Amino acid sequence: MTEDIRIAGDEQDAETGRALAWRAGLVGLAALDTDDAELVHAWRSDPVVMHQMGIWPRALTAVRERIERDIDDDDRDDFLILPPDGVPVGYVGLTNQNMVNGTAEVELMLDARHRGRGHATAALDAVVDLAFGELPMYRLTAETHADNAPAVAVLTRSGFTREGISRSACLHRGRRHDLAVFSLLRPEWEELDRPRAWDA
């Protein structure tokens, strides 16, 4: 892949043949499809991912139905994260988009075996560029377990500010967990010193 981030609607990943929505130096983003249900199901079933995200395994049928429903939802955009070898390593989404208020939430799930290689930060940066560069967003938010150090590090690297804590907001494995609330505003994104999609 090239060392840029850009809109690539007619472009395909050489390894998978999938149409890419965005390209980046480390990753390409392809729209999530129902055929990806088994992959997403496997990621959701990983004990590390389940603990850090506070989720539980769901039946493959339920994951497929959820993806089908989300594809028809105009208030979200969901992508597979594809590194240069074309093997999907995670998911990133821009959800709960409110075009009137200019707000949206970001979601990120990375296969635990592919962490520490910069894929999560590259994918998050690409989705942030989509939100502020192509869509009329003004405020992005993200939540994660307060003790999810990898997610906190990725959000911080991408310019998000920790706004506070939602105390005991999540029940997982019989324990209450605090959720850390992060946000990024358009003026803060404009001040970030990093390449944008159109800088290539």
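Before reading on, note that the structure itself is shown above.
Predicted, not measured: the structure shown is a model, and the values here were computed from it.

Draft legend 1. Expanded view of the packing of aromatic side chains. One pass over the structure, following the stated rule, counts 1 aromatic pair. Plain terms: the ring middles of F132 and W189 are 5.3 Å apart, the flat faces sit at 35° to each other, and that makes the pair tilted. With a gap of 57 residues between them, F132 in helix 4 (residues 119-134) and W189 in helix 6 (residues 186-191) connect regions that are remote in the sequence. For W189, a relative accessible area of 5% corresponds to the buried category. When the ring centre of W189 is taken as reference, the NZ or CZ atom of R196 above it lies at 4.5 Å.

Draft legend 2. Spotlight on the pattern of salt bridges. With the rule as written, the count across this model stands at 8 salt bridges. The residue R76 makes a salt bridge to D78 at a minimum N-O spacing of 2.8 Å. This pair shows no difference in class: R76 is buried, exactly as D78 is. R194 is the salt-bridge partner of D129, the closest N and O atoms lying 2.9 Å from each other. Residue D129 is found in helix 4, and its partner R194 is found in the segment after helix 6; the two are separated by 65 residues along the sequence. Taken as a pair, D129 and R194 share a single burial class, namely buried.

Draft legend 3. Examining the pairing of strand 4 (residues 77-82) more closely. Where burial is concerned, most of strand 4 is hidden: 5 out of the 6 residues are buried. Two strands pair when backbone bridges link them, and strand 4 and strand 5 (residues 90-98) are joined in this way by 5 bridges, in the antiparallel orientation. Paired with D77 across the bridge in strand 5 is L94.

Draft legend 4. Broad picture of helix 4. Compared with the 22 Å implied by 1.5 Å per residue over 16 residues, the 22 Å span of helix 4 between its first and last C-alpha is a close match. For helix 4, a buried count of 14 out of 16 residues is recorded, marking the element as mostly surrounded by other parts of the structure.

Draft legend 5. Local environment of the packing of helix 4 against helix 5 (residues 149-157). Running from amino to carboxyl end, helix 4 crosses helix 5 at an angle of 45°, the nearest separation of the two axes being 9 Å. On the basis of their axis angle, the class for helix 4 and helix 5 is oblique. Note that helix 4 runs across helix 5; the crossing there is right-handed. Contact residues: helix 4 offers A120, T121 and L124, while helix 5 offers V154, L155 and R157. Here the residues of the contact of helix 4 with helix 5 are counted per class, giving 4 nonpolar, 1 polar and 1 charged.

Reading the values: rules and limits
- Residues numbered from 1 in each chain as written.
- Predicted model: local features only at pLDDT ≥ 70, side-chain atom pairs only at ≥ 80, totals over all residues.
- Heavy atoms only, no water.
- Phe/Tyr/Trp six-rings, centres within 6.5 Å; stacked < 30°, edge-to-face > 60°.
- Helix = DSSP H or I, 4+ residues; strand = E, 2+ residues; numbered from the N terminus.
- Buried < 20%, exposed > 50% of the residue type's maximum accessible area, 1.4 Å probe, protein only.
- Lys NZ or Arg CZ within 6 Å of the ring centre and 35° of its normal.
- Salt bridge = Lys/Arg side-chain N within 4 Å of Asp/Glu carboxyl O.
- Pairing = 2+ DSSP bridges.
- Expected span 1.5 Å × (residues − 1).
- Axes fitted to C-alpha atoms, helices over the stretch in contact; angles between N-to-C directions.
- Parallel < 35°, antiparallel > 145°, perpendicular 65-115°, else oblique.
- Left-handed = near helix turned anticlockwise from the far one by under 90°.
- Contact = heavy atoms within 4.5 Å.
- Nonpolar A, V, L, I, M, F, W, Y, C, P; charged D, E, K, R; others polar.

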